[in-house]
Amino acid sequence: TEVRDLNGNYVRYEYQTILQGHNRIAPKNIYPKQIEYTLHDSTSGRYVLEFFLTDNYMNPTTNGRYGFLQTNDKLLNAIVTKYYEDTTTLYKPIKAYTFCYKEGMFGKAVLDNVGQIAYSPGYRKDQVNLNFCESPEKLITHSFEYYIQH
């Protein structure tokens, strides 16, 4: 999917469909995979946002409200911002946000904290670890508290 303005600038959205099973009536859901922006008619984009998912073991849901089975069994694990440099053919990560969850009321997954990772210029792709939920003290984080009415 693309959104264009009158000057030839555009944003490209890419989605992933995750099927739960191997038959044609199996539940599925569509999640964002990547957003590429700062594109123009004659040039490729400089920035990309990549979305990473994790399994939602706490409270996956299934419904058929729209005439087909839809399951929501993923949680957003991380968003990575990447920048394209002219000197390479690869996008280099510049910043990432991680999302950590905990079990809330009625066994539902609630957002526990959001962590921010800033990549140094000398980073190597094999050093990337987006699973910081066990040690959020290594990140700049924002934690959430929830009011529980008894």
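Shown above is the structure to which this text applies.
A cluster of nonpolar residues, Met105, Phe106 and Ile148, forms a patch on the protein surface that exposes about 360 Å² of accessible area. Relative to the assigned elements, Ile148 resides in the segment after β10 (140-143). With a relative accessible area of 41%, Ile148 lands in the partly exposed category.

Turning our attention to the nonpolar core. Residues Ile35, Leu49, Phe51, Ile79, Phe99 and Val114 constitute the largest nonpolar core, which totals 6 residues. Here Ile35 is in contact with Val11, Arg12, Tyr13, Tyr47, Val48, Leu49 and Phe51, once residues within four sequence places are set aside.

With that settled, the discussion passes to the pattern of salt bridges. Taken as a whole and judged by the stated rule, the model has 8 salt bridges. For the salt bridge of Glu2 with Arg12, the shortest nitrogen-to-oxygen distance reads 3.3 Å. Taken together, the residues span a long stretch of sequence, with Glu2 in strand β1 (residues 2-4) and Arg12 in strand β2 (residues 9-19) at a distance of 10 residues. According to the relative accessible area criterion, Glu2 is partly exposed, its value standing at 39%. Between Asp41 and Arg4 there is a salt bridge; the shortest N-O distance is 3.0 Å. Taken together, the residues Asp41 in the loop between β3 (28-40) and β4 (47-55) and Arg4 in strand β1 connect sequence positions 37 residues apart. With relative accessibility at 47%, the residue Arg4 sits in the partly exposed group.

Along the chain, Lys82 turns up in strand β7 (residues 74-84). At 3.2 Å, the side chain of Lys82 and the side chain of Glu50 are in polar contact. Excluding its chain neighbours within four sequence positions, the residues that come into contact with Lys82 are Arg46, Tyr47, Val48, Glu50, Tyr91, Lys92, Pro93 and Ile94.

Examined bridge by bridge, β1 and β2 share 3 bridges and lie antiparallel to one another. Of the residues in β2, the one forming a bridge with Glu2 is Arg12. Connecting the antiparallel pair β1 and β2 is a turn made up of 4 residues, with Gly8 showing a positive phi of about 90 degrees. As paired strands, β2 and β3 are joined by 10 bridges and run antiparallel to one another. Bridge pairing links Tyr10 to Leu39 in β3.

About the cut-offs
Residues numbered from 1 in each chain as written. Predicted model: local features only at pLDDT ≥ 70, side-chain atom pairs only at ≥ 80, totals over all residues. Heavy atoms only, no water. Patch = residues over 30% accessible without salt bridge, like charges linked within 9 Å, V, L, I, M, F, W, Y side chains within 5 Å. Areas by Shrake-Rupley, 256 points an atom, 1.4 Å probe, with all protein chains shown as cover. Salt bridge = Lys/Arg side-chain N within 4 Å of Asp/Glu carboxyl O. Helix = DSSP H or I, 4+ residues; strand = E, 2+ residues; numbered from the N terminus. Buried < 20%, exposed > 50% of the residue type's maximum accessible area, 1.4 Å probe, protein only. Core = buried A, V, L, I, M, F, W, Y, C linked by side-chain atoms within 4.5 Å. Contact = heavy atoms within 4.5 Å. Polar contact = N/O pair within 3.5 Å; in protein donor to acceptor, adjacent residues only side chain to side chain. Pairing = 2+ DSSP bridges.

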